[in-house]
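Overview (structure and organization)
Residues per chain are reported as follows:
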Amino acid sequence: MNHYQQELRVRVIHRGHCSVLEVGGHLDFITAPTLTDHIDTLWEPSAGPRLVLELSQLTFYDSTALGVLAHTLQRVQATPTSRLLLAGVPDGLRHLLERTGLLAHFGLRDSTEQAVADLLSA
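Each value, and the rule that gives it
Residues numbered from 1 in each chain as written. Predicted model: local features only at pLDDT ≥ 70, side-chain atom pairs only at ≥ 80, totals over all residues. Heavy atoms only, no water. Buried < 20%, exposed > 50% of the residue type's maximum accessible area, 1.4 Å probe, protein only. Helix = DSSP H or I, 4+ residues; strand = E, 2+ residues; numbered from the N terminus. Right-handed = clockwise from strand over helix to strand, strands pointing away. Pairing = 2+ DSSP bridges. Salt bridge = Lys/Arg side-chain N within 4 Å of Asp/Glu carboxyl O.

Considerations on the pairing of strand β4 (residues 83-87)
- In terms of residue burial, β4 counts as a mostly covered element, since 4 of its 5 residues are buried.
- Once the chain exits strand β3 (residues 50-61) it traverses helix α2 (residues 63-78) before rejoining the sheet at β4, and the crossover so formed is right-handed.
- As paired elements, β4 and strand β5 (residues 107-109) share 3 bridges and run parallel to each other. When the bridges of β5 are listed, Leu86 appears paired with Leu108.
- Regarding the hand of the β-α-β motif, the stretch spanning β4, helix α3 (residues 91-100) and β5 is right-handed.

Here it is as structure tokens:
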């Protein structure tokens, strides 16, 4: 199957005042709008959402993934009540974030449960 025929799966789970986006499949320039649409939907009712992006099920990502993460981070940083944590970051994506200098700007957690607990206690 051609990689462009792959899909991005995003499942949103609300846990208290925190939203977990479980992201799986292919995150590239074709599928990125799916993820940004989900993030935009969560942003509208809340001026400052608390988000966990759970990325362990990503099977493909390219530089577009870095762009989506950087854009989301900018939105969070521009909104004092927002928080963002990444969980389950695949090793390859972690390496890309590190090489680009972006890793230092993200809060990473080993598990979704840890990320949610940290966001709800803050």
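A short note on the pattern of salt bridges
- Under the criterion given, the structure shown has 3 salt bridges.
- Of the charged contacts in the structure, one is a salt bridge between Glu22 and Arg11, with a shortest N-O distance of 3.4 Å. Pair noted here: Glu22 is in strand β2 (residues 18-27) and Arg11 is in strand β1 (residues 8-15), with a separation of 11 residues, a long-range link.
- The salt bridge partner of Asp40 is Arg75, with a shortest N-O separation of 2.5 Å. Within this pair, whereas Asp40 is found in helix α1 (residues 32-43), its partner Arg75 is found in helix α2, the two being separated by 35 residues in sequence.
- Accessibility expressed as a relative area gives 29% for Asp40, which makes it partly exposed.

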